[in-house]
Amino acid sequence: MSPTPNAVPEGGPRTGGPESADPRPSEGPATARQPRRRAVTATANVPLTPTIHVLTFSLPPNDSMEFVPGQYVTFFFRRDGKSVTRSYSIYSSANLHDRFSLLIKRVPQGFASNRLCDLTPSPAATETILGPLGKFLYRPPGDRHVVMVATGVGLAPFIPMLERLQAESPATPTWLVWGNRFMEDLVGRSDLERKERSWPNFHFVPVLSRPPPDGSWSGAVGHVQAQVRARFPDLSHADVYLCGATPMVNEMQDLSLELGCPRDQIYVDRWGEHSG
Ligand SMILES: Cc1cc2nc3c(=O)[nH]c(=O)nc-3n(C[C@H](O)[C@H](O)[C@H](O)COP(=O)(O)OP(=O)(O)OC[C@H]3O[C@@H](n4cnc5c(N)ncnc54)[C@H](O)[C@@H]3O)c2cc1C
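These remarks concern the structure in this document. Keep in mind that this is a model prediction, so the values were computed, not measured. In this convention, every chain numbers its residues from 1, walking through the sequence in written order. Where local features are concerned, this predicted model is filtered to residues with pLDDT of at least 70; where side-chain atom pairs are given and counted, the filter is 80 or more; whole-chain, interface and lining totals use all residues.

Observations concerning the sheet that holds strand β2 (residues 52–58)
Strand pairs in the sheet, formed through backbone hydrogen bonds, run parallel or antiparallel to each other. Ordered in space as β4-β3-β6-β1-β2-β5, the six strands form an open sheet in which the pairing is antiparallel. The two strands at the open ends of the sheet, each matched to only one other strand, are β4 (82–89) and β5 (99–105). If you compare each strand with its neighbour and ignore which way they point, the axes differ by 40° on average. Pairing between strands requires that DSSP locate at least two bridges from one strand to the other. We count a stretch as a helix when DSSP gives it H or I for four or more residues in a row; a strand needs E for two or more, and each element gets its number in order from the N terminus. The convention used is that axes are lines fitted to C-alpha atoms, helices contributing only their stretch in contact, and that angles between N-to-C directions extend from 0 to 180 degrees.

In structure tokens, the structure reads:
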């Protein structure tokens, strides 16, 4: 984990980006918009499971926010007289500029995740954010494959990325390897399965580390690392995107290098020791 995982210098992106400057300017990401502080209003709070919610916030009528798929927003809270910040990746379409959604997992005793998951949508439910932020950005793949690896709600930034990839580069062979413990954690699974049916070059690989004992799970079992090792003997022609808990991202980064992926084709978003 970075020493201060949620400390965000105002106006500037923080951890969670690729570890090198964009090496391919001609194929670089769309320019990220300048981050600004904004007042946003909670308009929806949908529990997908007892611990995972989709929160939707609208911007004021005179504001709009463009972002590059993969970016996040940072919330500013007050706690014991001090400012506390927490970051959340944007889960909704980058085509929406007047609102955004987040996929938030309640952390036991977690300050911000519970506060957000307990929000009752109303015109009075306003929060302050800074955004859009981050260098974990969708990049046009050129002639490379794309391999996305997430654990838990680390899925969030990949949803707008997949939408953009499908729209702009449907011929690109694209994989999403998504690890979770339990089957009930696979929120939005049916949407991803639908996407797989409608987009022949998209391959969705959900992986469970604790599949149901009744045999009702016929998918991959174990950890994402083993799935990637088994499925991709050569990653030299892939763009690899990794998002979620820091230990998984670090292990996957090492594995991607071992499987031949050049360092400058690996993009990482580390959320902390436990998150994702
Ligand atoms: C760039 C970025 C993007 C992020 N995007 C998302 C996102 O889209 N959705 C999302 O849910 N989170 C996301 N996170 C994580 C989020 O910022 C918070 O760290 C998380 O919600 C926990 O904050 P909290 O205030 O609730 O918990 P804290 O009050 O900070 O933590 C309480 C305790 O729980 C431990 N803890 C922290 N996280 C976890 C965990 N996941 N499981 C178990 N214990 C934990 C802490 O070490 C601490 O002991 C992102 C983080 C980063 C850096």
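Considerations on the pairing of strand β11 (residues 238–244)
Counting buried positions along β11 gives seven out of seven residues, so the element sits mostly inside the fold. With C-beta atoms placed from the backbone, a residue counts as buried when 20 or more other C-beta atoms lie within 10 Å of its own, as exposed when 12 or fewer do, and as partly exposed for counts between those limits. Neither face of β11 is left uncovered, since the one carrying Ala 238, Val 240, Leu 242 and Gly 244 and the one carrying Asp 239, Tyr 241 and Cys 243 both have all their residues buried. Direction of pairing for β11 relative to strand β12 (residues 266–270): parallel, over a ladder of five bridges. Each residue of the ladder has a partner; that of Gly 244, found in β12, is Arg 270. Convention used here: a crossover is right-handed provided that the path from the first strand, over the helix, to the second strand proceeds clockwise when the strands point away from the viewer. As a crossover connection, the stretch from β11 through helix α5 (residues 246–258) into β12 is right-handed.

A closer look at helix α4 (residues 224–231)
Among all positions in α4, only Val 224, Gln 227 and Val 228 are buried. The arc that holds the buried residues of α4, viewed along the axis, is 95°, so those residues lie on one side. Looking at the packing, one finds that the buried side of α4 touches β7 (145–151), β8 (174–180), β9 (202–208), β10 (220–221) and α5. Note that the arc is defined by the directions from the helix axis to the C-beta atoms. In this description, a residue-residue contact is defined by the distance between C-beta atoms placed from the backbone, which must lie within 7 Å.

Observations concerning the packing of α4 against α5
The contact between α4 and α5 brings their axes to 10 Å, and the two run at 15°. What the angle tells us is that α4 and α5 run roughly parallel. The handedness of the crossing between α4 and α5 comes out as right-handed. Two secondary-structure elements touch here, α4 through Val 224, Gln 225, Val 228 and Arg 229 and α5 through Met 248, Glu 251, Met 252 and Leu 255. A per-class count over the contact of α4 with α5 returns five nonpolar, one polar and two charged. Reported orientations rely on four angle classes, namely roughly parallel under 35 degrees, roughly antiparallel over 145, roughly perpendicular from 65 to 115, and oblique for the rest. Each helix crossing is assigned a hand: it is left-handed if the near helix lies turned anticlockwise from the far helix by less than a right angle, otherwise right-handed if that turn is clockwise. Gly falls in the polar group here, along with every residue not listed as nonpolar (Ala, Val, Leu, Ile, Met, Phe, Trp, Tyr, Cys, Pro) or charged (Asp, Glu, Lys, Arg).

Topic: unusual backbone geometry
Most peptide bonds adopt trans geometry, and most residues besides glycine take a negative phi value. For the bond running from Gly 131 to Pro 132, omega is -5°, close enough to zero to count as cis. Positionally, Pro 132 belongs in strand β6 (residues 126–133). For Asp 80, which is not a glycine, the phi torsion comes out positive at approximately 50°. Along the chain, Asp 80 falls in the loop between β3 (72–79) and β4. Positive phi is not limited to glycine here, since Gln 109 has a value of about 65°. Within the element layout of this structure, Gln 109 appears in the loop between β5 and α1 (111–117). For Gln 109, a count of 7 C-beta atoms within 10 Å puts it in the exposed group.

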